[in-house]
Amino acid sequence: DAALDARRTGSTDAASLLIDPLLLQACASWEHAKGASLSELHARALALDALASRAGTLSVAEVRTGLLLVRCGEAQRQLSQRAARLCDGVCLTLAERLATRALLLSAKFEMLHTMLMQDAPSAEAVQTMSEQLERYAETVVELEANSNSDVLAQLELLHPVRRALSDHALAAIVVLSRWPAEVAIAHEEAALRLERARKRAMDRLLEERLAFADSLELAQAQYLALTQLGGAGCNIDETAPVVIAFSEMLAGFRTKARLFNGREAIFRWEKSEWPVLSQLSVSAEPYSHMWHAANEFAKAYPGWFDGPLLDVSIAQIVDEVSACDREMKRAITSLAGCTAPLRVVDDTVKRVEEARAMLPLVVALLNPGMRERHWLSLSKAVASIRAPSANSTLRHLIDTGLPEHQQLLEEVSTVASKEFALERVLERMFAEWHAQPFVLASYRETGVAILSQLDPIQILLDEHVLKAQAMRSSAFIKPFERRVRVWETTLLAAQEALDTWIRVQAVWLYLEPIFNSADITRQMPLEAARFAAVDGAWRKLMGSTQARPQVLECLAAEGLQATLDECVKSLEVVQRGLSAYLETKRLAFPRLFLLSNDELLQILAETAEPQRVQPHLPKIFEGVDSLHMEGEGEALLVSALLSAEGERIELLKLIQPSDARGAVEAWLLQVEVSMREALRSVTVCAAVFASRAPVGTVGRERFLLGWAGQAVLAVTRAEWTMAAEAALSPPP
């Protein structure tokens, strides 16, 4: 302030105090210092350094301005020190930023250096290293450009502020500056090393291809020996692994050939075809498939015939027999003329046929539908037939002569399968109902849950009833006919109970809000008491259902049908009483016939509220939109009729609904009488007014627009009729 005052007054004593406001602003707080860019940090450091220098070189120790003497020495010193401290902090932050960036770039240089120092032990590694060296120049140029722009150039900007870097930052920048030279040396060495590695890989490939060709010649000899394997007395367990091993060796050769072709492409050599390998692969394939199938069948065959019968899998036998039979038929065609292997094929085919012949017997013995009753019936027919035990084997059963009775066993097994299928259907129905609960939903604020989403349950009931009836007519139902009959009876009873339950719920939902009204209860005490009894039984029933919601358990509860039937009877009585009550009201005021039962009940449920009638007035009185009511409570009066168009007709006699003591039909009848009197009076007055307002005058327009439309219509039609009679009558 003193400096500005000196500028205005021209005082030379204060001139040296003038400092650039931007330098003073550099001492202010910096809210976004953490996210500042490097350029912003440089600008801040330069401003703080300039402020520190300027404040420290001011020569004026004190300034006089008017009556005041301002001593500036201490303020100059503190300002200079504060600016210097802030400059040190900004420079430290800037140096740490540069150190972090230098370390990051050094890590990238180090990765590049490590890559250049790696060796290439294989042709694939040679290709990878060659591709990396091709990208070397681009990578180095980018790294050096980043080093110059992000670190070294920024470091140059710190020279004017004369601040020393920290040891950490200085070390990071020095390390970064050395990397370009080290990487360049590594690149030169890598290029030489790559050429040596390429030469080694090419020599190795030549050697491996020669060795591979020798291996193929040896494989040809092995193949010729393989074609002679087999014959009478051949041990498949010993011979098949030899053939399978040869097939796996060829697969390895094919993999190696693809590897050689890939390396040849790397060195841009002509691709090797290896026709011997292709021919061996095609020729050996039929032998491999045949021996593999024969070996698998030979390993499984003893387990079927000599292993525990109960551990045998029918599906496995079927799959193995089908697969082996398919391969043997293919081998007969593809190995035509090869005597030794074909003998193995013939032996295997015989065993396949033997297994296939025994398959129906195994299926019958292991039929899951075979029960004790079936084995007892077989034992009665043939004493030697027994149910398989844990130690039974198929060969033992064959040796005891079981195949002689195979037809009988298959017939009983077929019956058992049919019965088992029916039994599984019955068990599935049991399981479906075991996991089928009622879906309950809360009904308004009554505290009672009601049945919901009943369609799936009804559909399931109908479906299972039809299934049970169809099962009962089956020829194979006899072993569990009683269970099916009981189940059918249970389902039919549940179906009947559910239908009655739904009927009771529907009527209860209709009547509950009606008898929840105190006015209805007061006017129909007998029906209200009967409904209260049904309501109590219904709440108890739904409470128990909510506790145990399983459908069949609920529907089979003892006394449920009797309770529901009693509720139906009581609700029918209540409904008849309600209909008679509504009929009485309508006979007292016939216009109530124009309302439905629900609409009339809405009115009767709130007899103490005459306003409840308003929404239904257009149906009761045509042309009347509402009644104008004045006052509240028992003092409420009906004073006028209002139309939807806004017309208003005042009643000659005010109606007080409270005088009817809740009888809505009584005060509505009074409204009807008063309405007729009011309309008659209005129509007479309108006729008098119209007689004084001839057609074509202003008075006639006032008559047409100012009086009620019904009165205008009546008067104008009367006038027209009178004028027509006069015109048609003969002159006197």
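Everything quoted here is computed from the prediction, not taken from an experiment. (Residues numbered from 1 in each chain as written. Predicted model: local features only at pLDDT ≥ 70, side-chain atom pairs only at ≥ 80, totals over all residues. Heavy atoms only, no water.)

When you line up the elements, R193 lands in helix 7 (residues 167-226). E189 provides the closest opposite charge to the buried, salt-bridge-free R193, at an N-O distance of 4.7 Å. When near neighbours in sequence (up to four residues on either side) are disregarded, R193 contacts L116, M117, Q118, D119 and M129. (Helix = DSSP H or I, 4+ residues; strand = E, 2+ residues; numbered from the N terminus. Buried < 20%, exposed > 50% of the residue type's maximum accessible area, 1.4 Å probe, protein only. Lys, Arg positive; Asp, Glu negative; His and termini not counted. Salt bridge = Lys/Arg side-chain N within 4 Å of Asp/Glu carboxyl O. Contact = heavy atoms within 4.5 Å.)

Our next topic: the packing of aromatic side chains. One pass over the full model with this rule turns up 17 aromatic pairs. Pairing F212 with W274 gives two aromatic rings, centres 4.8 Å apart and planes at 90°, and the pair type is edge-to-face. Highlighted residues: F212 in helix 7 and W274 in the loop between helix 8 (236-266) and helix 9 (275-306), separated in sequence by 62 residues. Residue classification places F212 among the buried residues on the basis of a relative accessible area of 2%. Its relative accessible area of 13% is what places W274 among the buried residues. In textbook terms, an aromatic cluster arises when at least three aromatic residues are bridged by ring pairs, as seen for F212, F253, F260 and W274. Positioned above the aromatic ring of Y301, the side-chain terminus of R351 is 4.3 Å from the ring centre. (Phe/Tyr/Trp six-rings, centres within 6.5 Å; stacked < 30°, edge-to-face > 60°. Lys NZ or Arg CZ within 6 Å of the ring centre and 35° of its normal.)

Now for unusual backbone geometry. Even without being a glycine, R268 presents a positive backbone phi close to 60°. Looking at the secondary structure, you find R268 in the loop between helix 8 and helix 9. You can call R268 exposed: its relative accessible area is 76%. If you check the backbone angles, W274 has positive phi at about 55° while not being a glycine.

Let us look at the pattern of salt bridges. All chains considered together, the criterion is met by 25 salt bridges. For E553, the salt bridge identified is with R548, shortest N-O distance 2.1 Å. What makes R548 exposed here is its relative accessible area of 53%. The closest approach of N and O atoms between K585 and E665, which form a salt bridge, is 3.2 Å. One end of the pair, K585, is in helix 20 (residues 560-588); the other, E665, is in helix 23 (residues 664-691), and 80 residues separate them in sequence. For K585, a relative accessible area of 9% translates into the label buried. Within this structure, D325, K329, E353 and R356 form a network of salt bridges that share partners.

The subject of this paragraph is the sheet that holds strand 5 (residues 626-630). Judged by pairing direction, the sheet is antiparallel, and its three strands sit side by side in the order 5-6-7 without closing on themselves. Every other strand in the sheet has two partners, leaving strand 5 and strand 7 (648-655) as the edge strands with one partner each. The sheet shows a mean angle of 30° between the axes of neighbouring strands, direction not considered. As paired elements, strand 5 and strand 6 (residues 637-642) share five bridges and run antiparallel to each other. Opposite M629, over in strand 6, you have V638 as the bridge partner. Sheet strands touched by helix 23: strand 5, strand 6 and strand 7. Its angle to strand 7, the strand with the most contacts, is close to 125°. (Pairing = 2+ DSSP bridges. Axes fitted to C-alpha atoms, helices over the stretch in contact; angles between N-to-C directions.)

Turning to the confidence of the model for the protein, a few remarks are in order. Summary statistics for the protein give a mean pLDDT of 82 and a share of 89% for residues scoring 70 or more. Across the protein, helix 15 (residues 455-472) holds the top mean pLDDT of 91, while helix 1 (residues 2-9) sits lowest at 43. Every residue in residues 1-18 is under pLDDT 50, and counting partners more than four places away or in other chains gives 20 contacts. (pLDDT = per-residue confidence, 0-100.)

Bringing a negative patch on the surface into the picture now. On the surface, a cluster of negative charge is contributed by D462, E496, D499, D565 and E566. By the element assignment, D462 lies in helix 15. Here D462 falls in the partly exposed class, since its relative accessible area comes to 39%. (Patch = residues over 30% accessible without salt bridge, like charges linked within 9 Å, V, L, I, M, F, W, Y side chains within 5 Å. Areas by Shrake-Rupley, 256 points an atom, 1.4 Å probe, with all protein chains shown as cover. Charge placed at Lys NZ, Arg CZ, Asp CG, Glu CD.)

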